[in-house]
Amino acid sequence: MQINYLRLLADLRRLAKFGQVGRGVHRLSFTPEDREARHWLLQRMTEAGLDAQIDGIGNVYGQTKGVDKAVLVGSHTDSVPNGGWLDGAMGVLYGLEIARARLEAGARTDLGIDVISFADEEGTYRALAGSLSFCGHLSEADVEVATNQQGKNLREALSEAGYAGRPRVTLDPSRHVAYLEGHIEQGPRLETEGKKIGIVTGIVGIRRCHVTCTGQADHAGTTPMHLRKDAGSALIKCCHDLIQRFEQVRSPDSVWNFGHIVFEPGAGNVVPSSARVLVEFRDVSEATLDRMQAEIQAAAATANGQGGVGVQSTELIRISPAEMDANLAAMIEVAARGRGVPSLRMPSGAGHDAMVLTRHIPTAMLFIPSIGGRSHDLAEDTDAADICLGIDVLADTIRSINRKI
Ligand SMILES: [Zn+2]
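What comes next is a walk through the structure.

Conventions used here
Residues numbered from 1 in each chain as written. Predicted model: local features only at pLDDT ≥ 70, side-chain atom pairs only at ≥ 80, totals over all residues. Heavy atoms only, no water. Helix = DSSP H or I, 4+ residues; strand = E, 2+ residues; numbered from the N terminus. Rg over C-alpha atoms; globule rule 2.2 N^0.38 Å. Buried < 20%, exposed > 50% of the residue type's maximum accessible area, 1.4 Å probe, protein only. Contact = heavy atoms within 4.5 Å. Areas by Shrake-Rupley, 256 points an atom, 1.4 Å probe, with all protein chains shown as cover. Lys, Arg positive; Asp, Glu negative; His and termini not counted. Charge placed at Lys NZ, Arg CZ, Asp CG, Glu CD. Donors = N, O, S within 2.8 Å, 3.2 Å for Na, K, Ca; no water. Salt bridge = Lys/Arg side-chain N within 4 Å of Asp/Glu carboxyl O. Polar contact = N/O pair within 3.5 Å; in protein donor to acceptor, adjacent residues only side chain to side chain. Pairing = 2+ DSSP bridges. Phe/Tyr/Trp six-rings, centres within 6.5 Å; stacked < 30°, edge-to-face > 60°. 1 Å grid on protein atoms, 1.4 Å probe; cavity = no way out; pocket = protein on both sides within 12 Å on 5 of 7 lines; lining within 4 Å. Points joined across faces, edges and corners; volume = space filled by probe spheres on them. Nonpolar A, V, L, I, M, F, W, Y, C, P; charged D, E, K, R; others polar. Axes fitted to C-alpha atoms, helices over the stretch in contact; angles between N-to-C directions. Parallel < 35°, antiparallel > 145°, perpendicular 65-115°, else oblique. Core = buried A, V, L, I, M, F, W, Y, C linked by side-chain atoms within 4.5 Å.

## Some thoughts on the overall build of the protein
Here's step 1: Summing up its helical and strand segments, the protein has 12 helices and 15 strands in all.
Here's step 2: Over its C-alpha atoms the protein spans a radius of gyration of 24 Å, differing by no more than 12% from the 22 Å that the globule rule assigns to 405 residues.
Here's step 3: Overall, the protein is about 85 × 45 × 40 Å in size when its C-alpha atoms are taken along their principal axes.
Here's step 4: Residues classed as buried in the protein amount to 52% of the 405 residues present.
Here's step 5: Restricting the contact set of the protein to residue pairs at least 6 apart, pairs at least 24 apart contribute 77%.
Here's step 6: In the form shown here, the protein has an accessible surface area of approximately 16900 Å², with 50% of it arising from carbon and sulfur atoms.
Here's step 7: Positive and negative charge centroids in the protein, built from 42 and 50 side chains respectively, lie 2 Å apart.

Structural data, given as structure tokens:
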């Protein structure tokens, strides 16, 4: 099969017209722009010769006709507010172009290409709604409780879009031999390390904790320092201690963020009676996440009671890391080498539909560089040459899957 790069790039630019803002797109799930983009994609899939539909959750799915087995290729076409033109869109159009090229070549293989744009990956209503639905993890009750920031319900949005009541497409493990997702990196590693292809080893797990200090409000001018129960200072010291503890147990891929801090009552002349920080940390290894969590508990236990301040930590969110398939990752690596381009094995610090699919079928992700590491922003971009390189490596990977089946 012969990939048509000009057609791929033209499709990407056409898709970017839906909800276009400057170089980027503002295409939130189920808005008119998003629905028009889905309808356009449906037509493109049909023209390519795929059996295409938009299902009951808004997934656009194009199946290769007349085959029993297929590689599923896709991503998402919704965006964050004022997002980039390639985030998600590229992975979907990689699938479309590869499926189209296969059919044009006369489809001499029994392994088909099924293409999917998963609905609401970015979580306007419910993050990963489309892939969760596809894999059987999104109940009608989940749809009922998912709302956007304006309080509109996902059920209502689906009704307005005309998708409600349609059957939902689902994963067929006897048909779908693998899921492949091409995506922009959304970070600066490939660019700064001079690599062209990122082979995703896994998608990081995420945990969030609150560390809360409880002291006593007093006049900040009249209360001597040694008599204060200063929750604010206690929290600052505890955070400082925690940074050093994280450094001791981190992996090279670990990241953390002290994302929000609140002092109460929050006045210059009042000793804080309480203080709370929100700590988020990510890694591809559950064991590393456990170690980091243990350090938070240890830091809180050490600080607890000092200066009359109580310190405790509470876990808020725990999302497990999602490993990618090692055989597929190796195939991507070989494909990149075959094209003579340097690749890098790396975790994904952001969530993707692949993290849902990997629980069910062999799944892999391939990254290409983001210029300046920019994403979730109108400024997001990637060199056209890199976009073309990415689809070549993905198509080569599918060729090697085909040989193994
Ligand atoms: Zn994305």
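Still more to cover.
## Things to note about the coordination of the zinc ion
Here's step 1: For the zinc ion, every protein donor is listed as His-76 (NE2), Asp-87 (OD) and His-183 (NE2), and the spread of their distances is 2.0 to 2.2 Å.
Here's step 2: Within one chain, the residues serving as donors to the zinc ion are arranged as H-x10-D-x95-H. Within this pair, whereas Asp-87 is found in the loop between β5 (69–76) and α3 (89–104), its partner His-183 is found in strand β7 (residues 176–184), the two being separated by 96 residues in sequence.
Here's step 3: Take Asp-87: its relative accessible area is 7%, and that puts it in the buried class.

## Topic: the side chain of Asp-353
Here's step 1: Structurally, Asp-353 is set in the loop between β14 (343–348) and α11 (354–357).
Here's step 2: Buried and unpaired, Asp-353 has no salt bridge, with Arg-38 as the nearest side chain of opposite charge at 9.0 Å.
Here's step 3: A distance of 2.6 Å separates the side chain of Asp-353 from the side chain of Ser-131, its partner in a polar contact.
Here's step 4: With residues near it in sequence (within four places) discarded, Asp-353 still touches Ser-75, His-76, Phe-118, Glu-121, Leu-128, Ser-131, Tyr-179 and Glu-181.

## So, the pairing of strand β11 (residues 274–283)
Here's step 1: Counted residue by residue, β11 has 7 buried out of 10 residues, so it is predominantly covered.
Here's step 2: When strand β9 (residues 205–214) meets β11, the two strands line up antiparallel, connected through 10 bridges. In the strand pairing of β11, Thr-212 is matched with Arg-276.
Here's step 3: Sheet topology note: the strand β10 (residues 255–264)/β11 ladder contains 9 bridges and is antiparallel. Bridge assignment links His-260 to a residue of β11, and that residue is Leu-278.

## Overview of the packing of aromatic side chains
Here's step 1: Evaluation of the coordinates by the stated rule reveals 8 aromatic pairs.
Here's step 2: On the numbers, 6.2 Å between centres and 65° between planes, the contact of Phe-30 with Tyr-163 is edge-to-face. Residue Phe-30 is located in the loop between β2 (24–25) and α2 (32–48), and its partner Tyr-163 is located in the loop between α6 (154–161) and β7; the two are separated by 133 residues in the primary sequence. Of the two residues, Phe-30 and Tyr-163, both sit in the buried class.
Here's step 3: Aromatic side chains Phe-118 and Phe-134 sit 5.6 Å apart centroid to centroid with 65° between the ring planes, which places their arrangement in the edge-to-face category. Linking Phe-118 in strand β6 (residues 111–118) with Phe-134 in helix α4 (residues 129–134), this pair joins segments that are 16 residues apart in sequence. Taken individually, Phe-118 and Phe-134 each receive the classification buried, so the pair is uniform in this respect.
Here's step 4: The structure contains a cluster of three or more aromatic residues connected by ring pairs, namely Tyr-61, Phe-118, Phe-134 and Tyr-179.

## Quick look at the layout of surface pockets
Here's step 1: As a volume, the largest pocket reaches approximately 670 Å³.
Here's step 2: Lining the largest pocket are 27 residues, with Leu-128, Ile-206, Ile-319, Gly-351 and Met-355 sitting closest to its centre.
Here's step 3: Where the lining of the largest pocket is concerned, the elements lending two or more residues are β9, β11, β12 (310–319) and α11.
Here's step 4: The residue inventory of the lining of the largest pocket, partitioned by class, reads 11 nonpolar, 8 polar and 8 charged.

## Points about the packing of helix α1 (residues 5–15) against α2
Here's step 1: Interhelical geometry of α1 versus α2 gives an angle of 155° and a closest axis separation of 11 Å. Considering their axes alone, α1 and α2 lie roughly antiparallel with respect to each other. Across the interface between the two elements, Arg-7, Asp-11, Arg-14 and Leu-15 of α1 pack against Ala-37, Trp-40 and Arg-44 of α2.

## Things to note about the nonpolar core
Here's step 1: Membership of the largest hydrophobic core comes to 95 residues, with the highest contact counts inside it found for Leu-12, Phe-134, Ile-197, Leu-357 and Ile-387.
Here's step 2: Not counting the four nearest positions on each side in its chain, Leu-357 is found in contact with Leu-72, Phe-118, Ser-131, Phe-134, Cys-135, Leu-171, Tyr-179 and Thr-363.

## Here we look at the sheet that holds β11
Here's step 1: Taken together, the 4 strands give an open sheet; going across it, the order is β10-β11-β9-β12, and neighbouring strands pair in antiparallel fashion. The open sheet terminates on both sides in strands that have one partner only, identified here as β10 and β12. Geometrically, the sheet is characterised by an average inter-axis angle of 15° between neighbouring strands, direction not taken into account.
Here's step 2: Pairing between β9 and β12: 9 bridges, direction antiparallel. The residue bridging Ile-206 from the neighbouring strand is Ile-319, located in β12.
Here's step 3: Sitting on the sheet, helix α9 (residues 286–303) touches β9, β10, β11 and β12, and the angle it makes with β12 is about 165°.

## Describing the pairing of strand β15 (residues 363–368)
Here's step 1: A large share of β15 lies buried, amounting to 6 of its 6 residues.
Here's step 2: Burial along β15 is two-sided: Thr-363, Met-365 and Phe-367 facing one way and Ala-364, Leu-366 and Ile-368 facing the other are all buried.
Here's step 3: Both β7 and β15 contribute to a ladder of 6 bridges, which runs parallel. Residue Gly-182 lies in a different strand from β15, and its bridge partner there is Leu-366.
Here's step 4: Looking at chain direction, strand β8 (residues 197–203) and β15 are connected through 2 bridges and run antiparallel. Looking at β15, one finds that Gly-198 is bridged to Phe-367.

Bear in mind that shape data such as this cannot, by itself, settle questions of function.
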